[in-house]
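# Examination of the molecular architecture
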Amino acid sequence: MESKGTFQTQLLSAVATDETTSPAIEINDSLDLSLFIEWSAGTSAGNIVFEEAYEPNYAGAWSQISATAWSAVSSTDVIHNIGRWRSVRARVETAVAGGTVTVYLAGARRG
C-alpha cells in the first residue's frame, strides 16, 4: 500500500481524573495507528482505553478498540492498531493514582 502521509496529535495532557475523555478525532480512512501513553513520576495505577464511534459527537457508549493498564512509574506504553477508522478518542477508564498521564496518537494514512 502507498502511504499518504503521517500525522500526530496529543489526545490527553497530564490528566488523572476517572472518565476524562479526549476530543474525538474524525479519521474516516484506513490507518496504522499508535497510541503512546506516558505515565508521569509518582503514578501507581490507572487504565486508558482507546475507543471508536461512527460520529465524533456520538453521545452513547463508544466501542473499545484496545486498553492498557498502568505498567510502571515514568514509563511509556504503546498500543498499535491497524484498521479502517471513523472517529476515535482516548479515555481514562480508571483514575490515575499518584500522578498524571499524557496520551498521543500517531498514524500513517494508507491508500
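Residues numbered from 1 in each chain as written. Predicted model: local features only at pLDDT ≥ 70, side-chain atom pairs only at ≥ 80, totals over all residues. Heavy atoms only, no water.

## Observations regarding the pattern of salt bridges
- Counted under the stated rule, the structure contains five salt bridges.
- Arg91 serves as the salt-bridge partner of Glu19, at 2.9 Å between the closest nitrogen and oxygen. With Glu19 in the loop between strand 1 (3-15) and strand 2 (25-39) and Arg91 in strand 5 (residues 75-97), this residue pair connects regions lying 72 residues apart in the sequence.
- If you follow the salt bridges from partner to partner, you end up with Glu19, Glu51, Arg89 and Arg91 in one network. (Salt bridge = Lys/Arg side-chain N within 4 Å of Asp/Glu carboxyl O. Helix = DSSP H or I, 4+ residues; strand = E, 2+ residues; numbered from the N terminus.)

## Examining the environment of Ala90
- The residue Ala90 is located in strand 5 in this model.
- For the pair Ala90 and Leu12, spaced 78 residues apart in sequence, the C-alpha to C-alpha distance is 7.4 Å.
- Apart from residues lying up to four places away in sequence, Ala90 is in contact with Leu11, Leu12, Thr20, Thr21, Ser22, Val49 and Val103. (Contact = heavy atoms within 4.5 Å.)

## Quick look at the nonpolar core
- Core analysis: the largest hydrophobic core is formed by 21 residues, its most contacted members being Leu33, Leu35, Ile37, Val101, Val103 and Leu105.
- Contributing elements (two or more residues each) for this core: strand 1, strand 2, strand 3 (45-53), strand 5 and strand 6 (101-110).
- In this structure, Leu33 is in contact with Phe7, Ile27, Phe50, Ile79, His80, Asn81, Trp85, Leu105, Ala106 and Gly107, ignoring residues within four places of it in sequence. (Core = buried A, V, L, I, M, F, W, Y, C linked by side-chain atoms within 4.5 Å. Buried < 20%, exposed > 50% of the residue type's maximum accessible area, 1.4 Å probe, protein only.)

## Things to note about the packing of aromatic side chains
- All chains considered together, the criterion is met by one aromatic pair.
- An angle of 50° between the planes, with centres 6.4 Å apart, marks the rings of Phe50 and Trp85 as tilted. Residue Phe50 is found in strand 3, and its partner Trp85 is found in strand 5; the two are separated by 35 residues along the sequence.
- A cation sits over an aromatic face here: Arg86 above Tyr54, 3.7 Å from the ring centre. (Phe/Tyr/Trp six-rings, centres within 6.5 Å; stacked < 30°, edge-to-face > 60°. Lys NZ or Arg CZ within 6 Å of the ring centre and 35° of its normal.)

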